[in-house]
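Residue-level structure breakdown
Here is what each chain is made of, one letter per residue.
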Amino acid sequence: MNSYFKEMVLDIINNRRSVMAFNAEPLDTEDLKVMFQAATLAPSAYNDQPWMFFVANRNSTGFADVFQTLAPANREWAKNAGALVVTAARINLSLNGEPNYHALHDLGASTANLLLQAQAMGYVTHVMGGFDHIAIRETLYIDEAFALGSIIAIGKSGDIEQLTPQQKHRQLSPRVRKSLSDVVKML
Ligand SMILES: Cc1cc2nc3c(=O)[nH]c(=O)nc-3n(C[C@H](O)[C@H](O)[C@H](O)COP(=O)(O)O)c2cc1C
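This is a predicted model, so every value here is computed, not measured.

A separate point is the site of the ligand. Within the structure, the ligand sits among Arg17, Ser18, Asn74, Val127, Met128, Gly129, Gly130, Ser150 and Arg175. Classifying every residue of the shell around the ligand gives two nonpolar, five polar and two charged.

See the structure below:
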């Protein structure tokens, strides 16, 4: 296969990492729109598209509300994010109201699209599971029809010197992965 096509997506995947140094600028709303177009083009079971994204751009009042729900360790660096995006998945199928076993699977697929589109457009991202689920449900009026996914920090890269030594070490360390032989079984 032509190496250009082999590498163009892999390059974006390789260059993505969970960044902690953001530059504290709100996101361009047109850029956000493109990222969500990518997210919503993900595959989903029965094409149910169970995902929901609650977007708090830095210049919105929602930013502080979402920020307050983050775990203290995440607040330390996410304070400079350009936007915080809360993700959730509808747990029953729109089609027939039956439980959708794949709801969180499909939310994850759309999140991956979002992260990679953001990366390709020169943004950096960091997914967080460390947040207060009860508080975010209350803040955004998210009822039990939805399972919570994550909160994603998106923004432009900031000065690494703003980070603590531990954060800096984490952001600069090589990304560690299990070997392919541990996770891929060829049949
Ligand atoms: C669902 C999920 C929850 C995560 N929660 C946190 C978190 O609360 N705080 C944090 O600093 N990183 C969090 N991460 C980031 C992971 O630690 C990171 O993705 C992993 O170490 C791999 O590093 P990489 O994203 O740079 O490749 C989370 C990632 C995912 C996908």
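Past the structure itself, the notes keep going.
Across the sheet, which stays open at both edges, the four strands sit in the order β1-β2-β4-β3 with antiparallel pairing between neighbours. The sheet is open, and its two borders are formed by β1 (51-57) and β3 (124-128), each paired with just one other strand. Averaged over neighbouring strand pairs, the angle between their axes works out to 25 degrees when direction is ignored. Where β1 meets strand β2 (residues 83-90), seven bridges bridge the pair, whose relative direction is antiparallel.

What follows covers helix α2 (residues 29-40). Between its first and last C-alpha atoms α2 spans 16 Å; for 12 residues at 1.5 Å apiece the expected length is 16 Å, and the two agree. Looking at α2, one finds that the buried residues are Leu32, Met35 and Ala39. Burial along α2 is one-sided: seen end-on, the buried residues are contained in an arc of 60 degrees. Opposite the buried face of α2, at more than 90 degrees from it, the exposed residues are Glu30, Lys33 and Gln37. On its buried side, α2 packs onto β1, β2 and α5 (103-120).

Put simply, helix α1 (residues 3-15) and α5 touch, their axes get as near as 9 Å, and they point 95 degrees apart. By the angle class used here, α1 and α5 are roughly perpendicular. Contacts between α1 and α5 pair Ile12, Ile13 and Asn15 from the former with Leu116, Gln119 and Ala120 from the latter. For the contact of α1 with α5, the per-class residue count stands at four nonpolar, two polar and no charged.

Now for the nonpolar core. If you look at the biggest cluster of nonpolar residues, it comprises 36 residues, and the most contacted ones within it are Ala81, Ala83, Leu84, Val85, Ile151, Ala153 and Ile154. Residue contributions to this core peak at six residues, all from β2. Dropping the residues within four chain positions of it, leucine 84 is found in contact with Ala56, Phe63, Val66, Phe67, Ala78, Ile151 and Ala153.

Turning to unusual backbone geometry, a few remarks are in order. Notably, asparagine 47 is not glycine yet its phi reads approximately 50 degrees, a positive angle. Phi is positive for tyrosine 141, which is not a glycine, with a value near 55 degrees. Assignment of secondary structure puts tyrosine 141 in the loop between α6 (133-140) and β4 (146-155). On the basis of neighbour counts, which here come to 7 C-beta atoms within 10 Å, the residue tyrosine 141 falls in the exposed class.

Right, let's get into the pairing of β4. Among the 10 residues in β4, seven count as buried, and that is most of the element. The sheet contact formed by β2 and β4 spans seven bridges and is antiparallel. Along β4, the bridge assignment pairs valine 85 with isoleucine 152. Here β3 runs beside β4; their pairing, made up of five bridges, is antiparallel. In the sheet register, methionine 128 faces β4, and the bridge partner there is isoleucine 151.

Rules used in this analysis
Residues numbered from 1 in each chain as written. Predicted model: local features only at pLDDT ≥ 70, side-chain atom pairs only at ≥ 80, totals over all residues. Near = placed C-beta within 6 Å. Nonpolar A, V, L, I, M, F, W, Y, C, P; charged D, E, K, R; others polar. Pairing = 2+ DSSP bridges. Helix = DSSP H or I, 4+ residues; strand = E, 2+ residues; numbered from the N terminus. Axes fitted to C-alpha atoms, helices over the stretch in contact; angles between N-to-C directions. Expected span 1.5 Å × (residues − 1). Buried ≥ 20, exposed ≤ 12 C-beta atoms within 10 Å, placed from the backbone. Arc of directions from axis to C-beta. Contact = placed C-beta atoms within 7 Å. Parallel < 35°, antiparallel > 145°, perpendicular 65-115°, else oblique. Core = buried A, V, L, I, M, F, W, Y, C linked by C-beta atoms within 7 Å.

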